[in-house]
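Geometric and topological summary
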Amino acid sequence: MEATIALLREHNELEVIDTPLDIYLEIPQLAYIEAKRANGGRALLFTRPMRGEKPCAMPVLMNIFGSFKRVELIATKSPEVIASRIKDLLNLAPPKGLKGLLNALRRYSVLRFAIPKYVGKSRAQEVRYLGEKVDLYKLPILTTWESDSAPFITMGQVYTQSLDGSKKNLGLYRLQVHSHNELGLHWQIHKDSTHFFHEYKRAGEKMPVTIALGGDPLYTWCAQAPLPHGAYELMLYGVIKDKRVEVVRCLTNPLSVPAGVDIIIEGYVDTTRLKDEGPFGDHTGFYTPIEPYPVLEITAITHKSQPIYPATIVGKPPLEDKYMGYLTERVFLPLLQTSAHGLLDYNMPENGVFHNLILAKLAPQYPGHARQLMHAFWGVGQMSFVKHAIFVGADAPDLSDYPAMLKYVLDRFSVKGLVVSEGVCDALDHASPEYAYGGKLGLDVADKELTEQMRVVSDCELLARLRAVDSSVEVVRQYGAGARVRVAIVGLGDLGLGERPRVGFLPKEPAVTTPCTALLVLANNGDPKEASANAGESAAITTQGDSLDSPCKAPFLSQKFYREQAELESKNTKQAKHSFQSDPESLCEKVDSAQAGSAVSLDTFARACSGIGEMMKIAILVDSWKNDLDNPYMLVWRIVNNIDAKRDVLIQGEQVFIDARDKLQSSAHPRAWPKETDCSVAVIDGLRQKGFSIDEELLHRFHICGSPATR
């Protein structure tokens, strides 16, 4: 890691922080904010980490992958060059003639770097703690969120092997500190390590596991690479770096790890023993629940004489996994194309937390081609975790140009293109009624543009029409200016299903705006400020009478309303929860028994809106008090996180209704709804007092200390 730090410093990608900061909340939450700055901020080296009043012996390095530039520096090659190499290796056509044979040999010669090379010693084994001397608390392991159950290792390279030793795996999993010599292993049920675990369990043997920290950051990226089952991720490192990775044997188990790492944690897993793990604020932006997972009983901890402890932070986007995911997306496109014929490109928006939303471009060659690829995605490796997939034609704009993509999709949208299915989903998904299994939604718009234009109305007019059919509607914003069809985001405030805004983060009194400002947001690269600055140009898409002289204030809720709701929540939370559990009718008269998780059922709302289909084709329902409807970036995050297509998508004629509100436990959703990952207000204030600049607008835009309502 010394070489990485020197490289980052040389390219002005590193900030050294000498201020003493606590490993409990302070360090991770400062890094959380840094990762959300323009271009991902800088990597942060904390030289004086503290555990309370006691200094930690190791510096902490964070936000290592947090920019496109840093990712390319770490990989030593551009994503395009690496992808081209992968594509060449997948070219299995027989060579023609001597020249073709020589080219093939040159192409495949890179595979000589894929085989690890064993060495006799490692600097990572200079300092050794064995047996009773093992103590995890000597490492500066971070606690990221207030409701995390314990400190977690978040950048641990997890090395395992099959029972017979013929297959090896490198994975990236969170690791909970249970005690001074025990770690909880969050192996999700679909991962290779879990398959190995069951081999050892059937044989009645303990399973060797080793955790490595530090060294070349590319080891960590390889750990999360979506390689086919049985492929050893460390081989990918050699192919990318053009050199064999040197590995050293562990001291107390039969595994081996890269010799260049900083810290090694060795041990065994008793396959007859599970222990509760969590909660933990994960990369979805929500806490995952307490569930039983295997336990690593540690037999040795070794490290360099001057090690550096690497860590990452996960939560609401954007974070450094945005950039790690981009490299993964580009590098593995050729591999995905081998099982998805006709696929031209794909994109995983980071605010879709990768598995919740994917955009795919294809060249359709026969009827149903896009739908065929949807099911191919849902059945292949880690792509099977994808919940929502939008397929566009070859004439679509660049998939990363989201404003242009929105218009393209809405110009071709029809309910006939919707596909509702079900299957496996990520174990972290909280919206599915069942653990790791739920609904999936596909949209095929790889077709011709619509010829008819939907009736254009202002936000004010649509709000008035919706309030006429449902008084719980409090705010409306439409997206898709100039498109054939528009999306209406409808904020309802009917029942306190989620947390009301905290008094310290109440929305400001509404400024005078045009009623259709939200329509301009995506046309201005998702920047609400730029959209507001250009709001005067929106007259062409509003109804007559809407102007700066006659602003629509109806969509805004007053600050007084939120203060009253916050005070009511603080006084009556326990009583309200008890009342709802014993008598839901006492709190809301509109609860539908088939969908008790929402105060106004999706079906009831859709039926009430059947008469306004000419002005609203797509309606997405959200909780008004915890969604800023002028912030499309975080709206996408909320919507794709909160819906299960089998339960929350309703097609009615030419209209589609999507319920992205929080859900209460019910027969429709028997699981508890999780809390969001929010920074501590006290910690943020404390960091400011120590001289760190933290912009209030940044806190608001990315829901850092709570999810705000529309201003």
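Overview of the structure.

Sheet architecture is open: five strands sit in the order 22-23-24-26-25, paired in mixed fashion. The open sheet has two free edges, formed respectively by strand 22 (343-347) and strand 25 (418-424), since each of these has just one partner strand. If you compare each strand with its neighbour and ignore which way they point, the axes differ by 25° on average. Bridge count for strand 23 (residues 358-362) against strand 24 (residues 388-392) is four bridges, and the pairing is parallel.

Now for a nonpolar patch on the surface. Taken together, the side chains of L98, L101, L102 and L105 make up a nonpolar region of the molecular surface, amounting to roughly 410 Å² of accessible area. Note that L101 resides in helix 5 (residues 97-108).

Note: strands within a sheet are paired through backbone hydrogen bonds, in either parallel or antiparallel orientation. Reading across from one edge, 7-15-16 is the order of the three strands in this open sheet, with mixed pairing throughout. Of all the strands in the sheet, the pair left with one neighbour each is strand 7 (117-118) and strand 16 (256-258). When strand 15 (residues 246-249) meets strand 16, the two strands line up antiparallel, connected through three bridges. In the strand pairing of strand 16, R249 is matched with S256.

Next up on the list: a positive patch on the surface. On the surface, R51, K54, K133 and K138 cluster together into a patch of positive charge. Looking at the secondary structure, you find K133 in the loop between strand 8 (127-130) and strand 9 (152-153).

Right, let's talk about the pattern of salt bridges for a bit. The tally for this structure, following the rule as stated, stands at 38 salt bridges. Between K322 and E350 there is a salt bridge, with the nearest N and O atoms lying 3.8 Å from each other. With a gap of 28 residues between them, K322 in helix 9 (residues 321-331) and E350 in the loop between strand 22 and strand 23 connect regions that are remote in the sequence. Accessibility expressed as a relative area gives 22% for K322, which makes it partly exposed. Of the charged contacts in the structure, one is a salt bridge between D395 and R412, with a shortest N-O distance of 3.7 Å. Of the two residues, D395 is situated in the loop between strand 24 and helix 12 (402-410) and R412 in the loop between helix 12 and strand 25; the sequence distance between them amounts to 17 residues.

To continue, consider the environment of N642. Position of N642 among the secondary structure elements: in helix 18 (residues 632-642). Taking relative accessible area as the criterion, N642 reaches 0% and is therefore assigned buried. When the C-alpha positions of N642 and D662 are compared, they lie 6.7 Å apart, and in sequence the two are 20 residues distant. Residue contacts for N642: discarding those within four places in its chain leaves F286, H430, A431, R647, D648, D659, A660, R661, D662, K663 and W673. A distance of 3.1 Å separates the side chain of N642 from the side chain of H430, its partner in a polar contact.

A separate point is the packing of helix 4 (residues 79-90) against helix 8 (residues 233-241). Between helix 4 and helix 8, the shortest axis-to-axis distance is 10 Å and the interhelical angle comes to 110°. Overall, the two elements helix 4 and helix 8 adopt an arrangement that is roughly perpendicular. The way helix 4 lies across helix 8 gives a crossing that is right-handed. On the side of helix 4, the interface is formed by I82, R85, I86 and L89, while helix 8 contributes L236, V239 and I240. Looking at side-chain class alone, the contact of helix 4 with helix 8 contains six nonpolar, no polar and one charged residues.

Examined against the element boundaries, Q161 turns out to sit in strand 10 (residues 157-161). A polar side-chain atom of Q161 sits 2.9 Å from a polar atom in the side chain of K168.

Once that is clear, we can look at the layout of surface pockets. For the second largest pocket, the calculated volume is near 1500 Å³. Around the second largest pocket, the lining comprises 49 residues; the ones closest to its centre are K191, Q224, P226, Q382 and F385. For the lining of the second largest pocket, the secondary-structure elements that each account for two or more residues are strand 11 (168-172), helix 6 (192-203), helix 9 and helix 10 (333-337). The class makeup of the residues in the lining of the second largest pocket is 23 nonpolar, 18 polar and eight charged.

Along the chain, G278 connects to P279 via a cis peptide bond; the corresponding omega equals 0°. Along the polypeptide, P279 turns up in the loop between strand 17 (263-277) and strand 18 (280-281). Of note, the amide linkage connecting P317 to P318 takes the cis form, showing an omega dihedral of 0°. When you line up the elements, P318 lands in the loop between strand 21 (309-311) and helix 9. Despite not being glycine, N12 has its phi angle at roughly 60°, a positive value. Tracing the backbone through its elements, the reader meets N12 in the loop between helix 1 (2-10) and strand 1 (14-17). Given the relative accessible area of 49%, N12 is considered partly exposed. Even without glycine at this site, T76 takes up a positive phi of about 70°. Mapped onto the fold, T76 is located in the loop between helix 3 (68-75) and helix 4. Its relative accessible area of 46% is what places T76 among the partly exposed residues.

Turning to the nonpolar core, a few remarks are in order. With 65 residues, the main nonpolar core has W221, Y346, F377 and F391 as its most contacted residues. With sequence-adjacent residues up to four places away left out, Y346 is seen in contact with T328, E329, R330, F332, L333, L336, I358, L359, A360, M383 and L399. Counting 64 residues, the second largest nonpolar core, distinct from the first, contains I33, I263, F286 and L699.

Note on helix geometry: an α-helix contains 3.6 residues per turn, so any two residues three or four positions apart are oriented the same way. In terms of residue burial, helix 9 counts as a mostly covered element, since eight of its eleven residues are buried. Of the residues making up helix 9, those classed as buried are Y323, M324, G325, L327, T328, E329, R330 and V331. Summarising the contacts, the buried residues of helix 9 are in contact with helix 3, helix 4, helix 7 (217-223), helix 10 and strand 22.

What follows covers the environment of Q652. Mapped onto the secondary structure, Q652 falls in strand 30 (residues 649-652). For Q652 and R607, which are 45 residues apart along the polypeptide, the C-alpha to C-alpha distance reads 8.2 Å. In contact with Q652, other than residues within four places in its own chain, are A606, R607, C609, S610 and F657.

Our focus in this paragraph is the side chain of K387. Here K387 shows up in the loop between helix 11 (369-377) and strand 24. Taking relative accessible area as the criterion, K387 reaches 1% and is therefore assigned buried. Reaching out from K387, the side chain makes a polar contact with the backbone oxygen of V640 at a distance of 3.3 Å. Discounting residues that sit within four places of it in the chain, K387 has contacts with H355, N356, D429, A431, K440, L441, V640, N641 and I643.

So, about the packing of aromatic side chains. Under the definition given, this model contains eleven aromatic pairs. Arranged with centres 4.4 Å apart and planes meeting at 40°, the rings of F152 and F280 form a pair that is tilted. Highlighted residues: F152 in strand 9 and F280 in strand 18, separated in sequence by 128 residues. Given the relative accessible area of 2%, F280 is considered buried. Measuring from ring centre to ring centre gives 6.0 Å for W187 and F197, while their planes differ by 65°; the resulting arrangement is edge-to-face. Of this pair, W187 sits in the loop between strand 13 (182-185) and helix 6 while F197 sits in helix 6, and the two are ten residues apart along the sequence.

Calculation rules
- Residues numbered from 1 in each chain as written.
- Predicted model: local features only at pLDDT ≥ 70, side-chain atom pairs only at ≥ 80, totals over all residues.
- Heavy atoms only, no water.
- Pairing = 2+ DSSP bridges.
- Helix = DSSP H or I, 4+ residues; strand = E, 2+ residues; numbered from the N terminus.
- Axes fitted to C-alpha atoms, helices over the stretch in contact; angles between N-to-C directions.
- Patch = residues over 30% accessible without salt bridge, like charges linked within 9 Å, V, L, I, M, F, W, Y side chains within 5 Å.
- Areas by Shrake-Rupley, 256 points an atom, 1.4 Å probe, with all protein chains shown as cover.
- Salt bridge = Lys/Arg side-chain N within 4 Å of Asp/Glu carboxyl O.
- Lys, Arg positive; Asp, Glu negative; His and termini not counted.
- Charge placed at Lys NZ, Arg CZ, Asp CG, Glu CD.
- Buried < 20%, exposed > 50% of the residue type's maximum accessible area, 1.4 Å probe, protein only.
- Contact = heavy atoms within 4.5 Å.
- Polar contact = N/O pair within 3.5 Å; in protein donor to acceptor, adjacent residues only side chain to side chain.
- Parallel < 35°, antiparallel > 145°, perpendicular 65-115°, else oblique.
- Left-handed = near helix turned anticlockwise from the far one by under 90°.
- Nonpolar A, V, L, I, M, F, W, Y, C, P; charged D, E, K, R; others polar.
- 1 Å grid on protein atoms, 1.4 Å probe; cavity = no way out; pocket = protein on both sides within 12 Å on 5 of 7 lines; lining within 4 Å.
- Points joined across faces, edges and corners; volume = space filled by probe spheres on them.
- Core = buried A, V, L, I, M, F, W, Y, C linked by side-chain atoms within 4.5 Å.
- Phe/Tyr/Trp six-rings, centres within 6.5 Å; stacked < 30°, edge-to-face > 60°.

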